[in-house]
Amino acid sequence: MQNKGFVKIFAALLTLVCLFYLSFSLVSRYYENKAEKIAGGDVERYNTYLDSLAGEKVWLGYTLKECREQELNLGLDLKGGMNVVMEVSVADILQALAGDQSTNETFVKAINEAKRKQLTNQKDFVDLFDESFREIDPNGKLATIFSTFELKEKITPNSTNSEVVKVLKSEVKSAVDNSFNVLRSRIDRFGVVQPNIQQLDVAGRILIEMPGVKEPERVRKLLQGSADLEFWETMNFSEIYSNVIAVNNMMKEMEGSQEKQEEQKTDSVAQASVAASTSEVDSLLAQISKQDSASAAAELSQEEFAKNNPLFAIMQINMDQQGRPGPGPLIGTVNVKDTAKVSQYFKIAKERRILPASLYPKWTVKAIDKGGKYFELIAIYSKQRDGKAPLTGGVITDARADFGQHSTYANVSMQMNQEGSKIWARMTKENIGKSIAIVLDGYVYSFPRVNGEIPGGRSEITGNFTPEEAQDLANVLKSGKMPAPARIVQEDVVGPSLGQEAIQSGLISFVIAFIMVLLYMMFYYGMVPGLVADTALVANVFFIFGVLASFKAVLTLPGIAGIVLTLGMAVDANVLIYERVREELKSGKQIKKAIADGYKNALSAIVDSNVTTIITGIILFVFGTGPIRGFATTLIIGILCSFFTAIFLTRLIFDKLMKNEKYHGLPFTTKITKNWFQNTHFDFIGKRNVFYMVTGAIVIVFFVSLFTLGLKPGIDFSGGRNYIVRFEKPVTTTEVADLVSDSFDGESVSVITIGSSNQVRISTNFKIEDNSESVDQEIENRLYEGLKPILNSEVTKDMFASGYHVEADGQPTLTSEKGESYGIQSSQKVGPTMADDIKTSAVWAVVLALLAIGLYILIRFRNVSFSVGAVVALVHDALVILGLYSLLYSIMPFSLEIDQSFIAAILTVIGYSINDKVVIFDRIRENIGLYPNRSAKLVMNDAMNATLSRTFSTSFSTLLVLIIIFFFGGEVIRGFIFAMLVGVVAGTYSSLFIASPVAYDLLKKFDKKREEME
């Protein structure tokens, strides 16, 4: 083998990279285990311990926080949590931009028509709207609708339609970007570890993943709440610093006395505190200004200082170098873990009237340090009796980020409407020298200093902003005029108990399948060749996990299935090589030459089979979402890693072995398998008409079933909600369906058993069109009320919705997580719009996969006969799976619904099945080159018989893996694996009895036409 040195270096570097990235997972897990031991089940102590180490360097110069960010992430189906797809309605944005013209008849018709088109079209909604508008009124001008006061500087009555569309797209993008930023800041404040938020390819769609979330209703309210933009006046810290001292003294008294004494002394404490002399205050502030965690120990021990100064022990207050109150409205800086405690202190102080009633302290939205640990508290002030902000974001007509002429920093300019301009002029006039705070969702985004009165409503905000920060602030300001609510259109909630079960079942299936594949290779090809292939498989698994960690990919249950399936498919490359080596040995070549030629001759088929599988993997990744993308990612990575390990690593090992004469007699077989599939002479081409008839009969049965019984669509395709509910005792699906149907006003409800007899999945599309914030809670309540007769009488609504446990005395509880969990274990919601998009994407994915593979076969084999034969066989494989799903969905004890997982299975079967066909076609092409005078029938039969051993080994090993996953991989992916099992059998059949025979008939037909033309 050439370039051995390069292969060795690459393998060594890849190993080091994988070790490096996987080490973060080991380090994180070490500290998490340590935290669990210290906490003893106390969640708060567990988090406090990890927070205390977050900034500490624990591994290779990385902090614990950075290690946890770098570790291999587990998906929600393994870890538990919440996955949400939110949609910012582009139609709502356009209606808001149209203002008074939103009721225009042509506009309304165009919006409705664009919504209808969007159900089957992936084009941008603004383009669909423009297209619909022109169809309804070919001579109509969009400028007549959108030349509003707010857009007057961007759209004039003379603007062309293309110019208007360009502006509309820009405004829509700004609105979506702002929604993204608002949601991101809300999630960051929610305290989720390793959240993932990203904008999807479809305009207005935002994906949010929150591992470990146990309060889905709270998250729904948090995410769907309207964004409130406000402008507030502020107090300088110097105006309230004596009050802040009073808060500290009050908390000292409260924490140092008994509850009864506290009630008696509250008033006197408040009065004494506020009356503190200026000299005392200045003295204490001077002391505080010198103190941090290290310098405090010079005069007082840290513990004693914290006891005497509860507030100042956790807040670094705003002091200048002279020990005086610092400038501006900044009160102090606090570690994120202490912000809730400080807020509570100030709340109590305000109730005790120690702080002015007009003071409303608010936290900054961004941390001031790179580690994201420290936030600032700002003194917000309101003169109004109701405590509301004097100005809201509704007055903003435009905001943009820009660079000043003489500054390297970005700034933000904004424009207000007439009403806002008057209030803004008054606010800025009355606050010259002070700051005005820009607040969104209760958090301060900026508090620029006012240098003078600003008339006209146009102003510029400076503050050493980076371009990204300036753009974010501009988007925040524009949110006030963009009423674009974000709605949840898809949702998955997985309880931690169900996630843990998924991990266990996934790992069990992985280990068993891995061991069985390793044993099979030794059984079929002998101890030494088998061990070499097994070494490649072990390296393959290591590299897959390492690459996943380096890409910060998320490992899901379908992802584990993808890895296990990759193992089965990775065997294919070794099988192709070993079969070739056996052929070369049989022809009389020496072992070294046989191995060299075996690798050389197998390379073409290995490349073709890997490329076709990667094509389907890429299509899966592009058109899939959530777990399906996870499956596609692991599949693609697995194929690339298996190619490297099978082709290069095993060759290095064999080259090393061949230096030892002891291994020169390797037979690449065993006594049991040496005669398997050798010297077969089955007439595949001659018997093709028999198999055409058998295939035709089967296809007719499936077509009849599809047109009569149909298919059972999952909520991915129909829209609706799924709830997996676990009971303390076994239940029947009929019993559950009867109870739940009454709760849902007689609406159709589907109930199937999932796994054990005490667990069911309840599906309904009751009120799926309703987007109100309370509808999810209402449906969970209806579910609870309906199932009450078969629930533990002590179980409350909250217990049922959150998943509860049962103590040793039989009492249900939410506080424990030991033992089996009951109640709602997971939930899933897919809105009708999302369902239509998923269906459209699914159809495109299958069509594009078939076209891409057909094109690749045409390019590689330079003959349309092979392309047609392959595509016909692949369509057959897909039809067999569809037909069996139609026949069996009401019989099988597991879900056989048509959903995203099913489409993933179809595409994976297509990618896998084409491997067989490519290997046979490759041998046919080789035989034609070697024996140009032989008949096509003989060439094809020889090729199929010669590759029969490889077909058996690959199909058997893959089936072995799939059967293990089917039985041990858990209920969640059982339907997916069933489709794969059917697909492998159908794919093997079609490779031998459809693809090549169809290609043969076409070749004969084309040759006959050519002869007639000649």
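Remember, predicted model here, so these are calculated numbers, not experimental data.

1. Things to note about the overall build of the chain
Looking only at helices and strands, the chain has 33 helices and 26 strands in total. Burial status across the chain gives 54% buried among its 1014 residues. In the chain, 73% of the contacts between residues at least 6 apart in sequence involve partners at least 24 apart. Accessible surface, the chain as shown: approximately 45700 Å² in total, 56% of it carbon and sulfur.

2. Let's talk about the sheet that holds strand β11 (residues 374-378)
Ordered by their spatial adjacency, 4 strands build an open sheet running β8-β9-β11-β10, and the pairing between neighbours is antiparallel. Looking at the sheet topology across the chains shown, the edges are occupied by β8 (315-317) and β10 (362-363). Bridge count between β10 and β11: 2 bridges; the pairing is antiparallel. Bridging from a neighbouring strand, Trp-363 pairs with Leu-377 of β11. The strands that helix α15 (residues 339-351) touches are β8, β9 (330-335), β10 and β11; relative to β9, the one it contacts most, it runs at about 140°.

3. Things to note about the pairing of strand β23 (residues 759-764)
Most of β23 sits inside the fold, with 6 of its 6 residues counted as buried. Residues Gln-759, Arg-761 and Ser-763 of β23 are buried on one face, and the alternating residues Val-760, Ile-762 and Thr-764, pointing to the opposite face, are buried as well. When strand β21 (residues 720-726) meets β23, the two strands line up antiparallel, connected through 6 bridges. The residue of β23 that forms the bridge with Asn-722 is Ser-763. Here strand β22 (residues 749-753) runs beside β23; their pairing, made up of 5 bridges, is antiparallel.

4. Some words on the nonpolar core
Ranked by internal contacts, the top residues of the largest apolar core, which has 143 residues, are Tyr-578, Phe-654, Ile-857, Phe-866, Leu-907 and Met-940. Broken down by element, this core gets its largest block of residues, 18 residues, from helix α33 (residues 974-1013). Once you skip the residues sitting within four places of it in the chain, Leu-907 turns out to touch Thr-616, Ile-619, Leu-620, Ala-845, Val-846 and Ala-849. Counting 45 residues, the second-largest nonpolar core is a separate cluster that includes Ala-98, Phe-125, Val-165 and Val-176.

5. Things to note about the environment of Ala-470
Topologically, Ala-470 is positioned in helix α17 (residues 467-478). When neighbours within four sequence positions are excluded, Ala-470 is seen to be in contact with Ala-401, Ala-410, Asn-411, Val-412 and Phe-465.

6. Some points on the pattern of salt bridges
Considering all chains together, one arrives at 41 salt bridges under this definition. Of the charged contacts in the structure, one is a salt bridge between Lys-337 and Asp-338, with a shortest N-O distance of 3.6 Å. Overall, Lys-337 belongs to the partly exposed group, its relative accessible area being 44%. For Lys-937, the salt bridge goes to Asp-683, with nearest N and O atoms at 3.8 Å. With Lys-937 in helix α31 (residues 936-946) and Asp-683 in the loop between α22 (627-657) and α23 (688-708), this residue pair connects regions lying 254 residues apart in the sequence. We classify Lys-937 as partly exposed; its relative accessible area is 34%.

7. Structural notes on unusual backbone geometry
One non-glycine residue, Leu-60, lies in positive phi territory at about 50°. Along the chain, Leu-60 falls in the loop between β1 (57-59) and β2 (62-63). By relative accessible area, which is 54% here, Leu-60 ends up exposed. Of note in this structure, Arg-353 is not a glycine but carries a positive phi near 65°. Summarising the element assignment, Arg-353 is placed in the loop between α15 and β10.

8. With respect to the packing of aromatic side chains
Ring pairs (aromatic) are described by centroid distance and by the angle formed between their planes. In this structure the tally under the stated criterion is 47 aromatic pairs. With 5.0 Å between their ring centres and 85° between their planes, Tyr-30 and Tyr-31 make a pair best called edge-to-face. Ring centres of Tyr-524 and Trp-676 lie 5.8 Å apart, and the angle between their planes is 70°; this geometry places the pair in the edge-to-face category. Of the two residues, Tyr-524 sits in helix α18 (residues 496-525) while Trp-676 sits in the loop between α22 and α23, which places them 152 residues apart along the sequence. On the accessibility criterion, Tyr-524 (0% relative accessible area) is buried. Feature note: the residues Tyr-520, Phe-523, Tyr-524, Tyr-525, Tyr-578, Tyr-599, Phe-654, Phe-668, Trp-676, Phe-677, Phe-952 and Phe-956 constitute an aromatic cluster, connected by ring pairs. The cationic tip of Lys-350 hangs over the ring face of Tyr-360; the distance from NZ or CZ to the ring centre is 3.6 Å.

9. A few points about the side chain of Lys-829
By the element assignment, Lys-829 lies in strand β26 (residues 823-830). Despite its burial, Lys-829 pairs with no opposite charge; the closest candidate is Asp-776, at 4.1 Å N-O.

10. Structural notes on the packing of helix α29 (residues 864-888) against helix α30 (residues 900-930)
Contact geometry for α29 and α30: axes closest at 10 Å, N-to-C directions at 145°. For the pair α29 and α30, the sense of crossing is right-handed. Where α29 abuts α30, its residues Phe-866, Ala-870, Ala-873, Leu-874, Asp-877, Ala-878, Ile-881, Leu-882 and Tyr-885 lie against Phe-902, Ile-906, Val-909, Ile-910, Ser-913, Ile-914, Lys-917, Phe-921 and Ile-924. For the contact of α29 with α30, a count of residues per class yields 15 nonpolar, 1 polar and 2 charged.

11. Observations concerning a nonpolar patch on the surface
Taken together, Leu-855, Leu-858, Ile-859, Val-864, Val-868, Val-872 and Phe-1006 make up a surface patch of nonpolar side chains, about 530 Å² in accessible area. Relative to the elements of secondary structure, Val-864 occurs in helix α29. A relative accessible area of 39% places Val-864 in the partly exposed class.

12. Concerning the confidence of the model for the chain
Mean pLDDT over the chain: 81, with 87% of residues reaching 70 or higher. In the predicted structure, residues 258-300 sits below a pLDDT of 50 and forms 43 contacts with residues beyond four places in sequence or in another chain.

13. As for the side chain of Thr-951
Secondary-structure assignment places Thr-951 in helix α32 (residues 948-968). Given the relative accessible area of 3%, Thr-951 is considered buried.

14. Some words on the pairing of strand β7 (residues 229-234)
Most of β7 is tucked away, with 5 of its 6 residues classed as buried. Pairing between β7 and strand β16 (residues 436-440): 5 bridges, direction antiparallel. When the sheet's bridge partners are listed, Glu-230 is paired in β16 with Val-439. Pairing analysis gives 2 bridges linking β7 to strand β13 (residues 391-392), with the strands arranged antiparallel. Bridge pairing in β13 links Phe-231 to Leu-391. Where β7 meets strand β12 (residues 380-381), 2 bridges bridge the pair, whose relative direction is antiparallel. What sits directly across from Thr-234, in β12, is Ile-380.

15. Quick notes on the sheet that holds β26
Sheets are built from strands that pair by backbone hydrogen bonding, the pairs being arranged parallel or antiparallel. Across the sheet, which stays open at both edges, the 8 strands sit in the order β5-β6-β4-β19-β26-β21-β23-β22 with antiparallel pairing between neighbours. Whereas interior strands pair on both sides, the edge strands pair on one side only; in this sheet they are β5 (196-199) and β22. Put simply, the sheet's adjacent strands are angled 20° from each other on average, direction ignored. When strand β4 (residues 81-88) meets strand β19 (residues 486-494), the two strands line up antiparallel, connected through 8 bridges. Bridging across to β19, Met-86 finds its partner in Ile-488.

16. Observations regarding the environment of Glu-69
Mapped onto the fold, Glu-69 is located in helix α3 (residues 64-70). On the basis of relative accessibility, which here comes to 39%, the residue Glu-69 falls in the partly exposed class. Note: C-alpha distance between Glu-69 and Ser-28 (41 residues apart in sequence) is 9.2 Å.

17. Details of the state of the cysteines
Applying the stated rule across the entire model yields 0 disulfides. Left without a disulfide partner, Cys-18 is nearest to the cysteine sulfur of Cys-641, which lies 7.1 Å away.

18. Quick notes on the packing of helix α5 (residues 90-98) against helix α7 (residues 125-136)
For any two helices packed against each other, the geometry is given by the interaxial angle and the distance between the axes. Look at α5 against α7: their axes get within 10 Å of each other, and the N-to-C directions meet at 60°. Looking at the two axes, α5 sits oblique to α7. For the pair α5 and α7, the crossing hand works out as right-handed. On α7, the residues touching Val-90, Ala-91 and Leu-94 of α5 are Phe-125, Val-126 and Phe-129. Here the residues of the contact of α5 with α7 sort into 6 nonpolar, no polar and no charged.

Calculation notes
Residues numbered from 1 in each chain as written. Predicted model: local features only at pLDDT ≥ 70, side-chain atom pairs only at ≥ 80, totals over all residues. Heavy atoms only, no water. Helix = DSSP H or I, 4+ residues; strand = E, 2+ residues; numbered from the N terminus. Buried < 20%, exposed > 50% of the residue type's maximum accessible area, 1.4 Å probe, protein only. Contact = heavy atoms within 4.5 Å. Areas by Shrake-Rupley, 256 points an atom, 1.4 Å probe, with all protein chains shown as cover. Pairing = 2+ DSSP bridges. Axes fitted to C-alpha atoms, helices over the stretch in contact; angles between N-to-C directions. Core = buried A, V, L, I, M, F, W, Y, C linked by side-chain atoms within 4.5 Å. Salt bridge = Lys/Arg side-chain N within 4 Å of Asp/Glu carboxyl O. Phe/Tyr/Trp six-rings, centres within 6.5 Å; stacked < 30°, edge-to-face > 60°. Lys NZ or Arg CZ within 6 Å of the ring centre and 35° of its normal. Lys, Arg positive; Asp, Glu negative; His and termini not counted. Left-handed = near helix turned anticlockwise from the far one by under 90°. Nonpolar A, V, L, I, M, F, W, Y, C, P; charged D, E, K, R; others polar. Patch = residues over 30% accessible without salt bridge, like charges linked within 9 Å, V, L, I, M, F, W, Y side chains within 5 Å. pLDDT = per-residue confidence, 0-100. Disulfide = S-S within 2.5 Å. Parallel < 35°, antiparallel > 145°, perpendicular 65-115°, else oblique.

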